[in-house]
Amino acid sequence: MRGDVRRLTRTVAGAQVVAVTDVDLDRARSVAEGVPGARALPTGQALIRADDVDGVVVASWGPTHEEYVLAAIEARKPVFCEKPLAPEVDACLRILDAEMASSRHLVQVGFNRRYDSAYRAMKRTLDGGSLGPPLMAHCAHRNPSVPPHYVGGMPITDTAIHEIDIVRWLFDQEITGAQVLKPRKTSRAKADLQDPLIVLMEIADGALVDVEVFVNLPYGYDIRCEVVCELGTVALGDGSLVVLRKDGFRSDHVPDNFQERFERAYDTEFQEWVDSVVAGQATGPSSWDGYAATAVADACLAALDSGARVPVQMRQRPAFYAPAGLRTPVGAGR
Ligand SMILES: NC(=O)c1ccc[n+]([C@@H]2O[C@H](COP(=O)([O-])OP(=O)(O)OC[C@H]3O[C@@H](n4cnc5c(N)ncnc54)[C@H](O)[C@@H]3O)[C@@H](O)[C@H]2O)c1
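Residues numbered from 1 in each chain as written. Predicted model: local features only at pLDDT ≥ 70, side-chain atom pairs only at ≥ 80, totals over all residues.

**Focus: the overall build of the protein**
For clarity, the threshold we go by: Numbering of helices and strands runs from the N terminus; a helix is a DSSP stretch of H or I covering at least four residues, while a strand is a stretch of E covering at least two. In this scheme the burial state of a residue depends on its C-beta neighbours within 10 Å: 20 or more other such atoms mean buried, 12 or fewer mean exposed, and anything in between means partly exposed; the C-beta positions come from the backbone. Whether two residues are in contact is decided by their C-beta atoms, placed from the backbone, lying within 7 Å.
Within the protein, the secondary structure is distributed over 10 helices and 14 strands. Principal axes of the C-alpha set define a box for the protein whose edges measure 55 × 50 × 45 Å. Relative to its full complement of 334 residues, the protein shows a buried share of 39%. Intrachain contacts of the protein at a sequence separation of at least 6 include 68% that bridge at least 24 residues.

Structure, rendered in structure tokens:
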């Protein structure tokens, strides 16, 4: 919460933080104390109802998102919800139904990579068509380490979830099936964690995507993505700010963590959300995108369990939710 509040008060233009809350009220109070004009409120519901609150940021734990997003929709206030929209598909569907019943696009999901300038450059290249149709993508999501509570299916729900969203966005299509392969485990992973793993995803038109998820690889936080098309490929650059040459070697800096790698993307994400709230026109990843990501993650979890290919079960996309590519414009952040 503290990082989001800092970003909204110090970096983003056009927003004022007037109220904060947390189940840990002391934490909310200590954050509010550092923000002139902000107060701590006892519950999320009280915050959402407050007359001077025009928009809501939900950055609590995933299973608590549904309650607050539904309350914001009921209050007809725009809501930015950190990923996941909700960890359960049924909860996502309840949010879709409530938003459609309100007849307004009120929900944006925190898929921050869509605001990263390198991913946006990839998207513009692919949409420009000079490389021809995309056929494959190779992605990697490497973390130096993970906290003790990172267990079970979290390589999918916490980590690969970002690739699930970005692949849907880059290909402008849904993911229809998934399989998860389990390489030999690193000795650095806890006994109950399969690390690394490889997620294979099928795109609706038959293209294939592989994602290496490796969360105990100590050299740094390294995000890779290359899309292979009929006439060439486009890939994320190394993104290093400086290059070091010493003793016969050339080296780039690898970020330590996601905060460093995606710092500017988080700034742009919040700025564009605030701008969209002011303009009354939602632009970012929608609740449909949040629902689709959870549905694909569910298929990946089942595939991790069974080793088999698992089809993604999804509702037909309602007309209310435009195709993914029509939202999150890629003009900004160049
Ligand atoms: N987009 C990204 O790159 C990204 C990165 C990190 C975290 N996240 C997401 O942000 C969310 C928060 O993650 P975090 O790492 O900041 O967690 P965190 O534990 O640091 O902070 C979550 C806060 O929510 C509070 N909270 C829990 N239940 C609550 C409730 N019912 N009502 C009010 N407050 C409640 C906790 O007390 C805590 O202060 C998660 O959904 C996570 O997946 C997204």
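**Observations concerning the site of the ligand**
The cut-off we apply is this: Only the C-beta atom matters for nearness: placed from the backbone, it must lie within 6 Å of the molecule or strand for the residue to count as near. Residue classes follow a fixed rule: Ala, Val, Leu, Ile, Met, Phe, Trp, Tyr, Cys and Pro count as nonpolar, while Asp, Glu, Lys and Arg count as charged, and any other residue, Gly among them, counts as polar.
Inspection of the region around the ligand gives 16 residues, with Val23, Asp24, Ser60, Thr64 and Glu82 positioned closest. In the shell around the ligand, the residues fall into five nonpolar, six polar and five charged.

**Overview of the packing of helix H7 (residues 154-171) against helix H10 (residues 287-306)**
The test is simple: To obtain each axis, a line is fitted to C-alpha atoms, and for helices this fit is confined to the stretch in contact; angles are then taken between N-to-C directions over 0 to 180 degrees. Oblique is the label for every angle not falling under 35 degrees (roughly parallel), over 145 degrees (roughly antiparallel), or within 65 to 115 degrees (roughly perpendicular). Less than a right angle of anticlockwise turn of the near helix away from the far helix marks a crossing as left-handed, whereas a clockwise turn marks it as right-handed.
One can describe the packing of H7 onto H10 by two numbers: an axis separation of 9 Å at closest approach and a directional angle of 125°. Taken as axis vectors, H7 and H10 run oblique relative to one another. As for how H7 packs across H10, the hand of that crossing is right-handed. Contacts between H7 and H10 involve Ile156, Thr157, Ala160, Ile161, Ile164, Asp165 and Arg168 on the former and, on the latter, Asp289, Ala292, Ala293, Val296, Ala297, Cys300, Leu301 and Leu304. Among the residues forming the contact of H7 with H10, the class breakdown is 11 nonpolar, one polar and three charged.

**Considering the nonpolar core**
Definition in use: Note on terminology: a nonpolar core is a set of buried residues of type Ala, Val, Leu, Ile, Met, Phe, Trp, Tyr or Cys, with members joined through C-beta atoms within 7 Å. Each domain's extent was defined by an automatic or database domain assignment.
Val69, Ala178, Val296 and Cys300 are the most contacted members of the largest nonpolar core, which has 84 residues in total. No other element matches H10, which puts 11 residues into this core. Residues lining this core come from more than one domain, with at least three contributed by each of domain 1 (2-112) and domain 2 (118-255 + 286-315). Not counting residues within four places of it along the chain, the set of residues in contact with Ala178 comprises Val199, Leu200, Met201, Val296, Ala299, Cys300, Ala303, Val310 and Val312.

**Some points on helix H9 (residues 263-279)**
Our working definition: Between the first and last residue of a helix there are one fewer steps than residues, each counted as 1.5 Å, and that sum is the expected span.
With 17 residues, H9 extends 24 Å between its outermost C-alpha atoms, agreeing within 8% with the 24 Å of an ideal straight helix rising 1.5 Å per residue. Turning to H9, its buried residues number three or more, namely Ala265, Tyr266, Thr268, Glu269, Phe270, Gln271, Glu272, Trp273 and Val277. One or two positions beyond H9, positive phi appears at Gly280, with a value near 70°.

**Quick notes on H10**
Given a rise of 1.5 Å per residue, 20 residues ought to cover 28 Å, and the 29 Å separating the end C-alpha atoms of H10 matches this to within 8%. By the criterion of burial, H10 is predominantly enclosed, with 16 of the 20 residues buried. With its phi angle positive at about 80°, Gly307 sits one or two positions after the end of H10.

**Quick look at the pairing of strand S8 (residues 197-203)**
The test is simple: For two strands to be treated as a pair, DSSP must find at least two bridges joining them.
The alternating pattern of S8 places Leu197, Val199, Met201 and Ile203 on a buried face and Ile198, Leu200 and Glu202 on a face that is not buried. Relative to S8, strand S7 (residues 175-181) runs antiparallel, the two being bridged by six bridges. Note on S8: the bridge partner recorded for Ala178 is Met201. Where S8 lies against strand S9 (residues 208-214), six bridges are found, and the strand directions are antiparallel. Counted as the bridge partner of Val199 is Val211 from S9.

**So, the sheet that holds strand S3 (residues 56-58)**
Read from one edge to the other, the open sheet built from three strands follows the order S3-S4-S5, with strand pairing classed as parallel. Among the strands making up the open sheet, the edge pair consists of S3 and strand S5 (107-110). On average, each strand axis in the sheet is tilted by 20° relative to the strand beside it, whichever way the strands run. As paired strands, strand S4 (residues 79-82) and S5 are joined by four bridges and run parallel to one another. Directly across from Glu82, in S5, lies its bridge partner Gly110.

**Observations concerning the pairing of strand S13 (residues 249-252)**
In terms of strand pairing, strand S12 (residues 243-246) meets S13 through four bridges, oriented antiparallel. Residue Leu244 lies in a different strand from S13, and its bridge partner there is Ser251. Linking two consecutive strands that pair antiparallel, namely S12 and S13, is a turn of two residues; a positive phi of about 50° is found at Asp247 within it.

**Some points on the domain arrangement of the protein**
Assigned domains within the protein: domain 1 (2-112) and domain 2 (118-255 + 286-315). Taking only C-alpha atoms, the centre of domain 1 and the centre of domain 2 are 28 Å apart. Opposite the 15 residues of domain 1 that make contact, domain 2 presents 13 residues. Of all the secondary structure elements, the ones that give two or more residues to the side of domain 1 that touches domain 2 are helix H5 (89-102) and S5. In terms of residue class, the side of domain 1 that touches domain 2 is built from 12 nonpolar, one polar and two charged.

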